[in-house]
Amino acid sequence: MNHKIGLISVSYLITLLGLLVVIGWIFNIIILKAVLPGFTTMKVNTALCFIALGMAFNLILTRKSRSLYLILAGFAFLVCLLSFLQNIFNINFGMDELLIADNGNLLKNGLHPGRMSPTTALCFFLTALSLFILNNKRWNIFGQYILHFVSLITFIAVVGYFFSVPTLYKLAYLPSMAVHTAIALFIFSIAVSMVNPTLGITGLFIGDRIGNQMARRLFPKMITAIFVLTFFRIEAHRYQVIGVEFGIVLFALSFSFVGLILIWDTATLLNKIDHQKEDAENEIRLNNENLELIVIERTADLKKSVETQEKLNNKLLEKIELVKQQDHTIEKIREFKFLADSIPQIIWTTNVDGTADYYNQYWFTYSGMTLQETKDQGWVSVMHPDDFEKCMVSWTESFTKGTSFEGEYRLKRGSDGIYKWHLGRAQPMKNEEGEIIKWFGSSIDIDEYKKAIELQKRIAQFEDFNRIVAHNLRGPAGSIQMILAMMAESESDTEKSELFGMLEKASATLNETLSDLMKVLEVRTNNTLPYDRCELTEIVAVVEAMLTGQIISKNAKIYTAFEAPSMKFPKIYLESIFYNMISNSLKYSKADIPPEIRITSRFANDKVILAFSDNGLGIDLIMHGNSMFKLNKIFHKGFDSKGVGLFMTKTQIETFGGSISVESEPNIGTTFTIEL
């Protein structure tokens, strides 16, 4: 509603008018009751209806209490309806002077003191009715024409007062409408019709179209001209300046002249609008003539702008993508930092030049150092001095070659100063060109693992030692037992003397073996096993002494051909290897053929190659080849064997970086080749 402020002002003025009239009646102020002496007074009921309708209209405009607005409009509607019915049916409901007595009404030929005129009651009744259906879309057009009817009645009354023609503002002998009542109702009816400005006659004057503009331009001029001509015509007639017929003709001519002026003014305005239209059309035509050239120029400019914009958009998209990647990278860095801080191991990174730029929280918790203390190789103070050089050599090699780093070292725990073993690993991060851009590393606490491995290693060594002891003592003990049995069966003193000498030698060999085993035990306990200068002939002699009984009983022959007469090797292990090879050849010999054992040595590729060959039972490699050197594996039935010798021999050989292979055929013999 474009005129809402003005309409609200009208509602206040109407309400104020009613209040002033009520005050005029209370204090008998003529100017408030009748405007001028001798004019018809506005009744108290009329003033109250103005107050009620003004307030109701204000509530409608401000969209406040709907129930109160209905009560106020209903009050005015009921008062005016009853008042109108009193005039129509000539009855009295006792409501006219209910509040204030109208003592001056009889002086003006009033039949009913305090009663509003029938035209006033009708206008108030219709106005109140229009307020009820004001915002009802179905009935608002009906309400609009009711308001136009009220405007027409009150306009006629105002004209009557203006030209002093009582017939226009009263009905026959009935009381007339007060002048301020007529003016107020005329203004109020127009104001209420402005709530729906597009409906009815109001729509003729409201709007921005040419017809609306012409109506607003012509109507005031026409009304003014008619009022002026009518005034002069009536005054001339009253003062009898001219006759009736001449006055009518003169009025018609004057009105025609005024009409001509109004038509002239309207035509001038329309011509002006038409000229403006022609100028606009000419300008449009000229613009259209140049439009193609302008379009071509603008199209070229637009194309350039589009191309430029596309380039800018592409750059913008690249920037946006870069920002997204940066945001994603930042998020990933946060996730990496959270993950790294959650892992119970040391995580670190270095720049391309090797300077550390990140440690996770576990490093600071473990070392007890701050970031400032860790910078500039502060970590060196945490590493065990014995591990530093080896670790740096390995790291320098990896850093120089750009390869993975792995090393074991001890780091001091800050809480108690204890060194714990750690496994360190590092990987270089490379770009698409293969250039290193960063190093990522970790250090895992393997102290318990190292202790477990060391314990397992020592257990394995002791198990291995136990097998060697059992196996190496078994031969001398067996020889002693066999020599004693032969001495018991011998009847010759000379033979017993020779056997006794053999017994002494076997006993000495047993003692020497025990002594060597004790040395090995001591060496193993100290975790160091030295290499001896071993003469192969001496090794064979020792083994022969250990196996004297078996050699004599089997009538065995041992042949040697040593191109490499000596070698560097732990003596006790080499004796054990020779013992296992020779004892197996003696044990698995043919019953009716004396064993022949050949032992050779030679140099090859800076290593010594030992070969043990026999003419015994041999081994079916097709059947037993995959389990030759496994523990507790026996390839011939009917022999007192535990299947430990070959397994222990292979273990001893591989412990010192050697290897063993076998060639054998059943009932032909076996050849073992050992590379040490």
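Preceding block: the structure.
Attention in this report is confined to the structure presented alongside it. (Residues numbered from 1 in each chain as written. Predicted model: local features only at pLDDT ≥ 70, side-chain atom pairs only at ≥ 80, totals over all residues. Heavy atoms only, no water.)

A separate point is the sheet that holds strand 5 (residues 436-445). Strand order across the open sheet formed by 5 strands is 2-1-5-4-3, with antiparallel pairing between neighbours. In this open sheet, the two edge strands, each paired with only one partner strand, are strand 2 (356-359) and strand 3 (405-412). Each neighbouring strand pair of the sheet contributes to a mean axis angle of 25°, computed without reference to strand direction. Where strand 4 (residues 419-430) and strand 5 come together, 9 bridges link them in antiparallel fashion. Following the sheet pairing, Lys430 is matched in strand 5 by Ile436. Packed on one face of the sheet, helix 13 (residues 385-401) meets strand 1 (346-350), strand 3, strand 4 and strand 5 and runs near 155° to strand 3. (Pairing = 2+ DSSP bridges. Helix = DSSP H or I, 4+ residues; strand = E, 2+ residues; numbered from the N terminus. Axes fitted to C-alpha atoms, helices over the stretch in contact; angles between N-to-C directions. Contact = heavy atoms within 4.5 Å.)

Bringing the pairing of strand 5 into the picture now. Each regular strand shows side chains that alternate between the opposite faces of the sheet. Looking at chain direction, strand 1 and strand 5 are connected through 5 bridges and run antiparallel. Bridged to Thr350 within strand 5 is Trp439. Counting the residues that bridge the hairpin from strand 4 to strand 5 gives 5 residues, and of these Gly434 lies at a positive phi of roughly 80°.

The biggest cluster of nonpolar side chains holds 50 residues, and the ones touching the most others in it are Phe57, Phe124 and Leu131. Counting residues per element, the ones that place at least two in this core are helix 1 (4-27), helix 3 (44-62), helix 4 (66-89), helix 5 (118-132), helix 6 (140-163) and helix 7 (179-193). For this core, the element with the most residues is helix 3, which contributes 12 residues. In this structure Phe57 touches Leu7, Ser11, Leu131, Phe188, Ala191, Val192 and Val195, once residues within four positions along its chain are discounted. (Core = buried A, V, L, I, M, F, W, Y, C linked by side-chain atoms within 4.5 Å. Buried < 20%, exposed > 50% of the residue type's maximum accessible area, 1.4 Å probe, protein only.)

Among the structural elements, Phe338 can be located in helix 10 (residues 244-342). Sequence-wise, Phe338 and Asn360 are 22 residues apart; in three dimensions their C-alpha atoms are separated by 9.0 Å.

In this section: the side chain of Arg410. Of note, Arg410 is situated in strand 3. One polar contact links Arg410 to Asp387, side chain to side chain, over a distance of 2.8 Å. When neighbours within four sequence positions are excluded, Arg410 is seen to be in contact with Val382, Met383, His384, Asp386, Asp387, Tyr419, Lys420 and Trp421. (Polar contact = N/O pair within 3.5 Å; in protein donor to acceptor, adjacent residues only side chain to side chain.)

The subject of this paragraph is a nonpolar patch on the surface. On the surface, Leu13, Leu16, Leu19, Leu20, Ile23, Ile26, Phe27, Ile29 and Ile31 cluster together into a nonpolar patch covering about 840 Å² of accessible area. A per-element tally of the nonpolar patch places helix 1 first, with 7 residues. (Patch = residues over 30% accessible without salt bridge, like charges linked within 9 Å, V, L, I, M, F, W, Y side chains within 5 Å. Areas by Shrake-Rupley, 256 points an atom, 1.4 Å probe, with all protein chains shown as cover. Salt bridge = Lys/Arg side-chain N within 4 Å of Asp/Glu carboxyl O.)

Take the sheet that holds strand 10 (residues 607-614) next. The strand order 7-9-10-12-11 describes an open sheet built from 5 strands, whose pairing is mixed. Each edge of the open sheet is held by one strand with a lone partner, namely strand 7 (557-562) and strand 11 (659-665). The average undirected angle you get between the axes of adjacent strands in this sheet is 15°. Across the sheet, helix 16 (residues 536-546) touches strand 7, strand 9 (596-604) and strand 10, and the angle it forms with strand 7 is around 165°.

With that settled, consider a negative patch on the surface. A contiguous patch of negative charge on the surface is contributed by Asp274, Glu278, Asp279, Glu281 and Glu283. In this fold, Asp279 is placed in helix 10. (Lys, Arg positive; Asp, Glu negative; His and termini not counted. Charge placed at Lys NZ, Arg CZ, Asp CG, Glu CD.)

For helix 9 (residues 210-238), with 29 residues, the first-to-last C-alpha span of 42 Å sits near the 42 Å given by 1.5 Å per residue. Residues of helix 9 that are buried: Asn212, Met214, Ala215, Ala225, Phe227, Leu229, Thr230, Arg233 and Ala236. Once helix 9 finishes, Gln240 follows within two positions and takes phi at roughly 55°, a positive value. (Expected span 1.5 Å × (residues − 1).)

Looking now at unusual backbone geometry. The phi dihedral of Asn28 falls on the positive side, at around 55°, and the residue is not glycine. One can find Asn28 in the loop between helix 1 and helix 2 (30-34). Looking at Asn28, the relative accessible area reads 52%, which means it is exposed. Non-glycine residue Asn605 carries a positive phi angle of around 55°.

Another aspect to go through is the pattern of salt bridges. As enumerated under the stated definition, the model contains 9 salt bridges in all. We note a salt bridge from Asp447 to Lys420, for which the minimum N-O separation is 3.8 Å. One end of the pair, Asp447, is in helix 14 (residues 447-489); the other, Lys420, is in strand 4, and 27 residues separate them in sequence. As far as the burial class goes, Asp447 and Lys420 line up, both buried. Lys650 serves as the salt-bridge partner of Glu654, at 2.4 Å between the closest nitrogen and oxygen. Taken together, the residues span about one helical turn, with Glu654 and Lys650 both in helix 20 (residues 645-655) at a distance of 4 residues. Among the ionic contacts, a cluster of salt bridges with common partners joins Lys420, Asp447 and Lys451.

Attention now moves to the packing of aromatic side chains. For the structure on display, the rule yields 19 aromatic pairs. Ring pairing ties together the aromatic residues Trp348, Trp395, Phe399, Phe405 and Trp439, which thus form one cluster. A cation over an aromatic ring shows up here: Lys33 above the ring of Trp25, its NZ or CZ 4.4 Å from the ring centre. (Phe/Tyr/Trp six-rings, centres within 6.5 Å; stacked < 30°, edge-to-face > 60°. Lys NZ or Arg CZ within 6 Å of the ring centre and 35° of its normal.)

This brings us to helix 5. The terminal C-alpha atoms of helix 5 lie 21 Å apart, and with 15 residues this matches the ideal 21 Å at 1.5 Å per residue to within 8%. With respect to burial, helix 5 is a largely interior element, 11 of its 15 residues being buried. Along helix 5, the residues that are buried comprise Pro118, Thr119, Thr120, Ala121, Cys123, Phe124, Leu126, Thr127, Ala128, Ser130 and Leu131. Looking at the buried side of helix 5, the elements it contacts are helix 3, helix 4, helix 6 and helix 7.

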